[in-house]
Amino acid sequence: MKNLDEKYMEMALELAALGEGDVNPNPMVGAIVVKDKKIIGRGYHKKYGGFHAEVFALDEAGKDAEGGTIYVTLEPCSHYGKTPPCVKKIIKMGIKRCVIATLDPNPLVAGKGIKILKDAGIEVEINVLQEKALKQNIVFFKYIKTKIPYLFLKCAITLDGKIATKTGDSKWISNESSRKRVQKLRHKYMGIMVGINTLLKDNPRLNARIEGGNDPYRIVVDPNLKTPEDYNFIQNNKDNRSIIVTSKDNIHNKKYKILEKKYRIKFIFLDKKEFLISDILKEIGRLGIDSVLLEGGSSMISMAFKEKVLDQGEIFISPKITGDSDAIPFISGFSIEGMKESIELKDVKFKIYEDNIAIEFNL
């Protein structure tokens with residue numbers, strides 16, 4: 001039975017993954033209804049605020065769901081949110097057994113769903129492929145517990161560790177295949193953040209250029225409010241997703257008033273003009289943004305490593321060499337005496353994108 005449970009749960013996890021980037025800040029969830037060893041219903045959480053996976057799977061199964069087993073990658077909800085509680089529908093449809101990959105850490109759920117199901121006489125099995133389910137929703141689990149966004153670093157470097165020449169030119173270090181991967185990351189994570197120097201040099205659009213992609217919240221750390229009015233970050237704010245993190249000193253700045261009223265730019269105000277990334281993340285989290293893709297530049301990346309706030313990352317290495325000590329390094333500002341003091345990346349995995357190598361890592 002255990003092997004069969006794992007087989008169906010694996011399918012449910014594959015379904016859940018289809019909601020990546022569309023359901024934030026909700027979790028990805030997949031569900032499968034099985035009866036007499038046949039799959040009679042499939043579903044996944046498709047969009048934030050939409051019906052949950054269990055609803056789609058049970059509706060597809062219809063009356064045949066009675067006496068069947070439902071496999072769900074996350075504990076079914078027991079509270080009223082944007083949709084009714086899924087446990088009620090599971091009970092109403094006559095499900096006999098419910099197999100769950102992992103409990104929901106959301107305090108509104110946290111074991112309550114399982115208790116309701118058991119009280120209704122439904123057999124409940126938990127922690128089937130739990131490790132895979134936890135990994136799949138690692139962003140959700142961090143945010144729901146801490147309200148601090150998950151921080152993922154993306155950067156492209158030359159073989160000698162540079163992200164741009166001394167003139168600031170960085171187009172293109174990585175190849176087209178690597179850049180396509182980056183667009184998927186922009187779709188996956190809810191926000192994208194860069195420092196003001198990166199904005200001024202590149203005038204980036206900071207959007208997800210893939211079919212059906214969701215554009216992230218665009219966040220620029222700009223203590224002195226240098227962001228030009230005619231830049232893409234300002235002009236392309238039709239979706240009201242551009243956010244500037246700046247000093248409280250700029251509250252009475254004429255430019256702030258123009259950007260807020262004319263272009264509807266959102267602002268996060270912090271004390272002084274040297275910000276901690278940890279403080280920035282707290283404020284971003286208060287806006288309901290569960291994850292941030294950090295794309296640079298050098299000072300932002302260095303600060304993230306120094307503060308130890310990175311959760312995960314992917315560094316794309318190109319077979320190019322600048323050979324210039326004045327070119328911009330992707331990280332700097334450390335002073336260590338021995339190799340034992342160096343930062344060591346964990347859970348390292350390598351991916352090949354044509355002639356680029358990407359290092360995936362955790363911290």
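Bear in mind that the values here come from a model prediction, so they are computed numbers and not experimental data.

1. A closer look at the packing of aromatic side chains
Right, on to step 1. A full pass over the atoms with the stated rule returns 8 aromatic pairs.
Right, on to step 2. Aromatic side chains Phe51 and Phe56 sit 6.4 Å apart centroid to centroid with 85 degrees between the ring planes, which places their arrangement in the edge-to-face category.
Right, on to step 3. Residue Phe51 is classed as partly exposed on the basis of its relative accessible area, which comes to 47%.
Right, on to step 4. Residue Phe56 is classed as partly exposed on the basis of its relative accessible area of 28%.
Right, on to step 5. Where Phe267 meets Phe269, the ring centres are 5.7 Å apart and the plane angle is 10 degrees; that geometry is what we call stacked.
Right, on to step 6. By relative accessible area, Phe269 is classed as partly exposed at 22%.
Right, on to step 7. Members of the aromatic cluster, joined through ring pairs, are Tyr256, Phe267 and Phe269.

2. A short note on helix α6 (residues 138-146)
Right, on to step 1. Among the residues making up α6, those that are buried are Val139, Phe140, Phe141, Tyr143 and Ile144.
Right, on to step 2. Elements that come into contact with the buried residues of α6 comprise α5 (130-136), β6 (150-157), α11 (277-286) and β12 (291-294).
Right, on to step 3. Directly after α6, the chain includes Lys147, whose backbone phi takes a positive value near 60 degrees.

Cut-offs used in this document
- Residues numbered from 1 in each chain as written.
- Predicted model: local features only at pLDDT ≥ 70, side-chain atom pairs only at ≥ 80, totals over all residues.
- Heavy atoms only, no water.
- Phe/Tyr/Trp six-rings, centres within 6.5 Å; stacked < 30°, edge-to-face > 60°.
- Buried < 20%, exposed > 50% of the residue type's maximum accessible area, 1.4 Å probe, protein only.
- Helix = DSSP H or I, 4+ residues; strand = E, 2+ residues; numbered from the N terminus.
- Contact = heavy atoms within 4.5 Å.

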